[in-house]
Amino acid sequence: MLRVVALVLVVLVTSIDAHAMTRNEARAVLADATLAFEDGVSRLRRDPEGAEARLREAAGLYEAILERSDFHSAGLHYNTGNAYLLVGDLGRAIAAYRRAQLLDPRDDNIAHNLEWARSRVPNRFDTGVSSGGFGEFITNSALSWHHAIPPRTRFWLAIGLFASVWIIAIARVALGGLRFSGFAMGTCLVLSLLLAASVVHESLQRERVVRGVVVAESVPGRKGPSTDGYGESFTRPLTSGVEFTLVGRRPEWVFVELLDGRETWLPATAVEFI
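Residues numbered from 1 in each chain as written. Predicted model: local features only at pLDDT ≥ 70, side-chain atom pairs only at ≥ 80, totals over all residues. Heavy atoms only, no water.

Draft legend 1. Quick look at the pattern of salt bridges. Tallying each qualifying case throughout the model produces 14 salt bridges. Between R56 and D89 there is a salt bridge, and its shortest N-O distance comes to 3.3 Å. Here R56, found in helix α3 (residues 48-68), pairs with D89, found in the loop between α4 (74-86) and α5 (90-103); they are 33 residues apart in sequence, far enough to count as distant. What makes R56 partly exposed here is its relative accessible area of 34%. Look at D89 and you get buried, because its relative accessible area is 6%. Connected through shared salt-bridge partners, E52, R56, D89, R92, R99 and E272 make up one network. (Salt bridge = Lys/Arg side-chain N within 4 Å of Asp/Glu carboxyl O. Helix = DSSP H or I, 4+ residues; strand = E, 2+ residues; numbered from the N terminus. Buried < 20%, exposed > 50% of the residue type's maximum accessible area, 1.4 Å probe, protein only.)

Draft legend 2. Seen up close, the layout of surface pockets. Counted as a void, the second largest pocket has a volume near 150 Å³. Lining the second largest pocket are G88, D89, L90, R120, P122, V215, A216, E217, T239 and S240. Class assignment for the residues of the lining of the second largest pocket results in four nonpolar, three polar and three charged. (1 Å grid on protein atoms, 1.4 Å probe; cavity = no way out; pocket = protein on both sides within 12 Å on 5 of 7 lines; lining within 4 Å. Points joined across faces, edges and corners; volume = space filled by probe spheres on them. Nonpolar A, V, L, I, M, F, W, Y, C, P; charged D, E, K, R; others polar.)

Draft legend 3. Representation of the sheet that holds strand β6 (residues 263-267) within the structure. The five strands are arranged β6-β5-β4-β1-β7 in an open sheet whose pairing can be described as antiparallel. Looking along the sheet, the strands with just one partner apiece sit at the ends: β6 and β7 (271-273). The mean inter-strand angle of the sheet, taken between neighbouring strand axes irrespective of direction, is 45°. In terms of strand pairing, strand β1 (residues 211-214) meets strand β4 (residues 243-250) through three bridges, oriented antiparallel. From the neighbouring strand, V213 faces β4, where its bridge partner is E243. Along the sheet face, α5 touches β1, β4 and β7 and points at about 155° away from the line of β1. (Pairing = 2+ DSSP bridges. Axes fitted to C-alpha atoms, helices over the stretch in contact; angles between N-to-C directions. Contact = heavy atoms within 4.5 Å.)

Draft legend 4. How the structure looks around the pairing of strand β5 (residues 253-258). With five of its six residues buried, β5 lies for the most part within the structure. Two elements, β4 and β5, share six bridges in a ladder whose sense is antiparallel. Within β5, the position partnered with R249 by the bridge is V254. Taking the residues between adjacent antiparallel strands as the criterion, β4 and β5 are bridged by two residues, where E252 takes a positive phi near 75°. Bridge count for β5 against β6 is five bridges, and the pairing is antiparallel. Looking at the pairing, F255 lines up with W265 of β6. Counting the residues between successive antiparallel strands, the hairpin from β5 to β6 contains four residues, one of them, G261, with a positive phi of roughly 95°.

Draft legend 5. Up close: unusual backbone geometry. With phi around 75°, E252 is a residue other than glycine that occupies positive phi space. One can find E252 in the loop between β4 and β5.

Draft legend 6. Layout of helix α6 (residues 108-119). The terminal C-alpha atoms of α6, which comprises twelve residues, lie 16 Å apart, in line with the 16 Å expected from a rise of 1.5 Å per residue. All of the buried residues in α6 are I110, N113, L114, A117 and R118. Mapping the buried residues of α6 onto a view down its axis gives an arc of 140°, with all of them on the same face. Facing away from the buried side of α6 by more than 90 degrees, the exposed set consists of D108 and H112. (Expected span 1.5 Å × (residues − 1). Arc of directions from axis to C-beta.)

Draft legend 7. The arrangement of the nonpolar core in detail. Core analysis: the biggest nonpolar cluster contains 30 residues, and Y97, V214, L238, L258, L266 and V271 have the highest contact counts within it. Contributing elements (two or more residues each) for this core: α4, α5, α6, β1, β4 and β5. At six residues, α5 tops the list of elements feeding residues into this core. Ranked by size, the runner-up nonpolar core spans eleven residues in total, among them A26, A36, I65 and F71. (Core = buried A, V, L, I, M, F, W, Y, C linked by side-chain atoms within 4.5 Å.)

Draft legend 8. Structural context of the packing of aromatic side chains. Per the counting criterion, the structure on display carries four aromatic pairs. Consider the rings of F155 and W156, whose centres lie 5.2 Å apart with planes at 75°: the pair is edge-to-face. By relative accessible area, which is 41% here, F155 ends up partly exposed. Taken together, a centroid distance of 4.8 Å and an interplanar angle of 25° make the contact between F255 and W265 stacked. Taken together, the residues span a long stretch of sequence, with F255 in strand β5 and W265 in strand β6 at a distance of ten residues. Taken as a pair, F255 and W265 share a single burial class, namely buried. (Phe/Tyr/Trp six-rings, centres within 6.5 Å; stacked < 30°, edge-to-face > 60°.)

As structure tokens, this is what we get:
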């Protein structure tokens, strides 16, 4: 019995170690990943097969750090994307870049490499989207500030403007009335509410919307969650790098909406979520 208990404890400790990585261990793995990445890049011309093996090794090590440690930086996702991009794995490269962009949306290098990877996807399924006309143009123009200003900046602007309302109100009482103080208070209040509403809206949208990328080299979309009895949704299969929004799930299948608005079923093993 004691031997059995000891064996169970050893298995539990091993399991915990397999899923957790200390900071020192993460740094060591990062050093190995960097060496693998640099070695892979140096082999690209003279040894393509060796280069791919080393770059995929580097990507796997970066992902191990992200999964098993508390290091979740945009840089790690960016390096993962670079490794996958160099071996032509567009789906995993795009997924990694998009995760990096969530953590650092203003990084130009991430944005550039993401667009480069997207430009190499054979069929992005983003054509044929109907335009909303002049009304949609006006709506997008009016809300352009929402996307131009980062969420954190909008949050602190809302706090600052709301504080300004109270500062103006106190000054108005203390000084016996100020010219245009009512207009200034109203403007600050409206702007602070708009900014706060935009932050809340974006936060709720991120919680509700799940986006993903096809990582299989080629996979046909199906009209239902099975290969038996359901035909293909399109005349050609989806390729690695096609992006989508999740609509629903079934065991081993996901129902997705592509960028052009069309919907289809895909095997869960063929996709990754952002």
